[in-house]
Amino acid sequence: MVTFPLQIVTPDGLIYDGDAAKISVRTIEGDVGILARHIDFVTALGMGVCRLDTEESTRYAACMGGLVAVIDGKVRVVATTFEWSDEIDIERAEKAKILAEEIINSDSDQAEKQISQARYRRAVIRLGVSQRF
Amino acid sequence: MADGKGLEIKTRMHSIEGTRKITKAMGLVASSKIARAKERVERSRPYFQIMYDTLHAIADSNTDFGSPYVKENTAETVCLIVLGGDRGLAGGYNGNLFKKAEEISAKSDYMVLPIGKKCLDFFERKNAEIISREYAVAADLTVGRCFEISRTLCDLFLRNEFHKIVLVYTNFVSMLEQTPADIQVLPLMANSDVAKKETSHSILYEPSGEAVFDAIVPEYMAGLLYGALCESLAAEQAARHTAMDSASKNAEEMLDTLVLQYNRARQGSITQEITEIIAGSGE
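Residues numbered from 1 in each chain as written. Chains lettered and ligands numbered in written order. Predicted model: local features only at pLDDT ≥ 70, side-chain atom pairs only at ≥ 80, totals over all residues. Heavy atoms only, no water.

Colleague: I keep staring at the overall build of chain A and nothing clicks. Help me out?
Modeller: Within chain A one finds two helices and eight strands. In sequence order, chain A lays out its α and β elements as β-β-β-β-β-β-β-β-α-α. Seen through its principal axes, chain A has C-alpha atoms that stretch 55 × 25 × 25 Å. For chain A, buried positions account for 45% of its 133 residues. Of the contacts made within chain A by residues no fewer than 6 positions apart, 49% connect residues no fewer than 24 positions apart. When the accessible area of chain A is evaluated, it comes to approximately 6900 Å², of which 46% is carbon and sulfur surface. (Helix = DSSP H or I, 4+ residues; strand = E, 2+ residues; numbered from the N terminus. Buried < 20%, exposed > 50% of the residue type's maximum accessible area, 1.4 Å probe, protein only. Contact = heavy atoms within 4.5 Å. Areas by Shrake-Rupley, 256 points an atom, 1.4 Å probe, with all protein chains shown as cover.)

See the structure below:
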């Protein structure tokens, strides 16, 4: 399998630094899969599942916000949050989901509702990733 | 020994001892905080570095100047984000930072977003135009708050309130060395020498250069801010640790000399008394 160098970073540290065969991420435009020898490419990340295939294994993660860049064959995923499916705190996500739902259904102001909407989506994605994979 | 000199020395010794206790305690607090701050710096550094490098690599080979974030402009008003400390007694930490900030602000009109209480005080005293007083406590700043700041600044930038954003912070080089630094956050500019090298080389932006920059830049700025914040907090603790350490050492030295002086004075007064007694008995 042809591999390419991949780095995944978040403010909490370097999550992955090594070779990968394929990575697919949810961008603002939809899912994008990147293989080796990809053209130089930059886009912003949306919120969704990330699937990483290496020569040994396949891993899934919840990946939200940030950017993905391919420059000179090197792929960098600079994400705001990136959590492997087995590292997601399910309890916390459940709680966040319920709290966000409450705020959305209450009569709080628009700005607060918008923030909660984003929180709700993040929680749903986290739960989805941890339950599915 | 009831004479003034001995008493005076005793009082001084007391007060120095008190000071030494304080500096020692502060030094200990700083050194225990350093461990955590250092860990945070080390964890955030790759993000900071890769984010910065990637964005500049993009700017270097950029051919799409649709986004206002990459447009070069003749900077008239500069926005300074100054990351300082909340408290003093950290040696030259705040002073060096302000010197750096003044160096930059002297060149043109500026507005400032101070982070850290000392920083806010400093710019208030200078009557500078302050964008927000909300972020005055540096220690409370989380990633979420960094995003908030970043969004606010991007809005103001797009509304042309200022034309350039410069971040002034302190680099945590090592426990003994902290250097104030500045980076230009916006507009994103190519390093001119690298950019000329390869202009044929172009990047595919999905869906468009403008949309990508609009989505990425707030994240980029928040990332830089958070990274700089981690650096600054660690630098502050390290500076305080060093300052308190040398203050404690100075206090100890002073105490040593004072003890010597005190003993000498005491000895002197004893000798004098004895001489007086002997002189009296001789008659």
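Alright, that's what it looks like, and here's the rest.
Colleague: Honestly, the interface of chain A and chain B in this entry has me stumped. Any pointers?
Modeller: When the parts of a complex come together, some accessible area is lost, and that lost area is often taken as the interface size. Taken together, the contact pairs 25 residues of chain A with 25 residues of chain B. When the two sides are added together, the surface that chain A and chain B hide from each other amounts to roughly 2100 Å², 73% of it contributed by carbon and sulfur. Linking chain A with chain B are zero salt bridges, by the criterion used here. Seen at the junction of chain A and chain B, the total is five residue pairs in polar contact (both at pLDDT 80 or more). Listed by contribution, the elements that provide at least two residues to the side of chain A that touches chain B are β1 (4-10), β2 (13-20), β5 (41-44), β7 (58-71) and β8 (74-84) of chain A. (Buried area = accessible area lost by both parts, 1.4 Å probe. Salt bridge = Lys/Arg side-chain N within 4 Å of Asp/Glu carboxyl O. Polar contact = N/O pair within 3.5 Å; in protein donor to acceptor, adjacent residues only side chain to side chain.)

Colleague: Which parts of the structure should I look at to understand the domain arrangement of chain A?
Modeller: Residues and elements named next belong to chain A. When the domains of chain A are assigned, the result is domain 1 (4-86) and domain 2 (88-132). Here the C-alpha centre of domain 2 lies 24 Å away from the C-alpha centre of domain 1. In this complex, domain 1 contributes eleven residues to the contact, which on the side of domain 2 involves eight residues. The contact between domain 1 and domain 2 buries some 850 Å² in all, and 69% of this surface belongs to carbon and sulfur atoms. At the junction of domain 1 and domain 2, the tally comes to one salt bridge. Close ionic contact of Arg126 with Glu83 constitutes a salt bridge, the shortest N to O distance being 2.7 Å. Summed over the shared surface of domain 1 and domain 2, the result is two residue pairs in polar contact (both at pLDDT 80 or more). Those elements that place two or more of their residues in the side of domain 1 that touches domain 2 are β6 (47-53), β7 and β8. Of the residues assigned to the side of domain 1 that touches domain 2, the class counts are six nonpolar, three polar and two charged. (Domains from an automatic or database assignment. Nonpolar A, V, L, I, M, F, W, Y, C, P; charged D, E, K, R; others polar.)

Colleague: So what exactly am I meant to see when it comes to the sheet that holds strand β1 (residues 77-83) of chain B here?
Modeller: What links the strands of a sheet is backbone hydrogen bonding, and the strands pair in either a parallel or an antiparallel sense. Residue and element names in this part refer to chain B. If you trace the five strands from one edge of the open sheet to the other, you get β3-β2-β1-β4-β5, paired in mixed fashion. Both edges of this open sheet fall to β3 (129-130) and β5 (177-186), since each of them pairs with a single strand only. The sheet contact formed by strand β4 (residues 164-174) and β5 spans nine bridges and is antiparallel. Within β5, the position partnered with Tyr169 by the bridge is Ala181. Across the sheet, helix α6 (residues 209-281) touches β1, β2 (109-115), β4 and β5, and the angle it forms with β4 is around 40°. (Pairing = 2+ DSSP bridges. Axes fitted to C-alpha atoms, helices over the stretch in contact; angles between N-to-C directions.)

Colleague: Looking at this structure, I do not really get the side chain of Glu219 of chain B. What am I missing?
Modeller: Among the structural elements, Glu219 of chain B can be located in helix α6. Here Glu219 of chain B occupies a buried position and makes no salt bridge, while the nearest side chain of opposite charge, Arg151 of chain B, is found at 7.3 Å. Filtering out sequence-adjacent residues up to four positions away, Glu219 of chain B remains in contact with Gly65, Gly66 and Thr80 of chain A together with Tyr47, Met51 and Phe147 of chain B. (Lys, Arg positive; Asp, Glu negative; His and termini not counted.)

Colleague: What am I meant to see in the domain arrangement of chain B here?
Modeller: Entries for chain B in the domain assignment read domain 1 (5-23 + 244-278) and domain 2 (34-240). Between the C-alpha centres of domain 1 of chain B and domain 2 of chain B there is a distance of 50 Å.

Colleague: Whenever I open this one, the environment of Arg119 of chain A confuses me. Can you help?
Modeller: Residue and element names in this part refer to chain A. Within the element layout of this structure, Arg119 appears in helix α2 (residues 110-132). The exposure class of Arg119 is partly exposed, given its relative accessible area of 42%. Measuring from C-alpha to C-alpha, the distance between Arg119 and Arg59 comes to 24 Å, with 60 residues separating the pair along the chain.

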